[in-house]
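Each chain, written out:
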Amino acid sequence: RELVGGVEVLRSPHYIPTRQSAVRRALYEGTFGLSSLLAAVSRHRPDVVVGVVPSLSGGLVARLAAARFQRPYGILFQDLMGPAAAQSGVPGGGRVAKVTSRAERWAVRRARAVAVVADAFRPYLETLGVPADAIVSVPNWSRAGAPSMTADQVRQQFGWTDGRQVVLHAGNIGYKQGLEQVVTAARLAAERGDPVRFVLSGGGNQADAIRARAAGLANVDFLGVQPDGVHASLMAAADVLLLSERPSQMEMSLPSKLTSYFQVGRPIVAAVAEDGPSAVEVRRSGAGLVIPAGRPEEMLSAFAVLRDDPARAAQLGQAGMAYAIAGTSAAACLARAASFVDRLAAA
């Protein structure tokens, strides 16, 4: 228990899996749901209850706590757990997708309003019975990290001094990211002699597998998780910021890294499902090029376009920065979050 900005925060113990599977995910959800429910119902009566999904148990606990206190509740969807179970590639996920969707349906059934971080989530939630006018947009914002190094310092420290185009993936290395396609693109680039350096900065449950797949490739660097200042410096110094997702990832989530990508003013190449939330957001921002996931040749072609046309690359980067200022700033997004809570309280 602690105070954060004057708000009491209780942290609930739960099981954390070392490897992803459907059973381990269920244990994670169950232990967190039970411990957080016990913590919630022991508190003073709230004015409203807000559940955040994921975790799935966040939505379930919100409905149960609201019933316990006879107060209105709402749910904020950061990811869609039903589609995630089917699309993320976690072993056994497809078997539990229907059960997960039923749990989501139960969680939202009596919610006064439902918030989404991406408009592409709306059709799925409507299939769960949420009225269209009860769904509101509450996009994410990200705290802009201050770079601790200049671009020249980054390039010197990490060896980016040979003139090759630096393509950076900054963030989680897990099932959803589908970084196998990046390794395939790197191998093809090496065979063709394309002047591209792939840099994967971050960690995750697939980091070892991706590192093993890239063994022997001199054009792939792994940096691990970096401090905030270095992380921001890497993004600002890269030539291209890469967003990679599995081809099956159609509607399940909107990567949080996108808001950070927009803020640094670098062009984005998104290798994602063409009609998924990520593709919609990148196209809307005007910050990058969208190519179909699972097509490494087209990925390399997109990098070549940006290498050969620096003016276009700069234009895309500036568009992303403008988009971040206008729509994904902290002030704009927190105002929408406050409006969502006010709507619940008014109910």
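Details of the structure are given in the entry above.
Predicted model, so just to flag it, every value in this text is computed and none were measured.

Caption draft 1: Representation of a nonpolar patch on the surface in the model. A contiguous nonpolar patch, built from Tyr15, Val23 and Leu27 and spanning about 270 Å² of accessible area, is present on the exposed surface. Mapping tyrosine 15 onto the fold places it in the loop between β2 (7-9) and α1 (22-41). The class of tyrosine 15 is partly exposed, set by a relative accessible area of 30%.

Caption draft 2: How the structure looks around the side chain of glutamate 104. With respect to the element layout, glutamate 104 can be found in helix α4 (residues 93-108). It is arginine 105 that comes nearest to the buried, bridge-free glutamate 104 among opposite-charge side chains, at 8.7 Å. Looking at glutamate 104, its side chain comes within polar contact range of the main-chain nitrogen of glycine 82, at 3.1 Å.

Caption draft 3: Quick peek at unusual backbone geometry. With omega at -5 degrees, the peptide bond leading from valine 53 into proline 54 counts as cis. Relative to the helices and strands, proline 54 resides in the loop between β3 (49-53) and α2 (56-69). In this chain, proline 54 is followed by serine 55 through a cis amide linkage whose omega measures 10 degrees. By secondary structure assignment, the location of serine 55 is in the loop between β3 and α2. In this model, glutamine 70 sits at a positive phi of 55 degrees, which is unusual for a non-glycine residue.

Caption draft 4: View of helix α13 (residues 310-327). Compared with the 26 Å implied by 1.5 Å per residue over 18 residues, the 26 Å span of α13 between its first and last C-alpha is a close match. Residues of α13 that are buried include every one of Ala313, Leu316, Gly317, Gly320, Tyr323 and Ala324, and no others. Take α13 and look down its axis: the buried residues cluster within an arc of 120 degrees, on one side only. Those residues of α13 that are exposed and angled more than 90 degrees off the buried face are Ala311, Gln315, Ile325 and Ala326.

Caption draft 5: Geometry of the packing of aromatic side chains. A complete count under the given rule lists three aromatic pairs for this structure. With centroids separated by 6.1 Å and ring planes inclined at 35 degrees, the aromatic side chains of phenylalanine 158 and tryptophan 160 adopt a geometry described as tilted. By the burial criterion, phenylalanine 158 is buried, and tryptophan 160 matches it. Between the NZ or CZ atom of arginine 63 and the centre of the ring of tryptophan 106, over which it lies, the distance is 4.0 Å.

Definitions and limits used
- Residues numbered from 1 in each chain as written.
- Predicted model: local features only at pLDDT ≥ 70, side-chain atom pairs only at ≥ 80, totals over all residues.
- Heavy atoms only, no water.
- Patch = residues over 30% accessible without salt bridge, like charges linked within 9 Å, V, L, I, M, F, W, Y side chains within 5 Å.
- Areas by Shrake-Rupley, 256 points an atom, 1.4 Å probe, with all protein chains shown as cover.
- Salt bridge = Lys/Arg side-chain N within 4 Å of Asp/Glu carboxyl O.
- Helix = DSSP H or I, 4+ residues; strand = E, 2+ residues; numbered from the N terminus.
- Buried < 20%, exposed > 50% of the residue type's maximum accessible area, 1.4 Å probe, protein only.
- Lys, Arg positive; Asp, Glu negative; His and termini not counted.
- Polar contact = N/O pair within 3.5 Å; in protein donor to acceptor, adjacent residues only side chain to side chain.
- Expected span 1.5 Å × (residues − 1).
- Arc of directions from axis to C-beta.
- Phe/Tyr/Trp six-rings, centres within 6.5 Å; stacked < 30°, edge-to-face > 60°.
- Lys NZ or Arg CZ within 6 Å of the ring centre and 35° of its normal.

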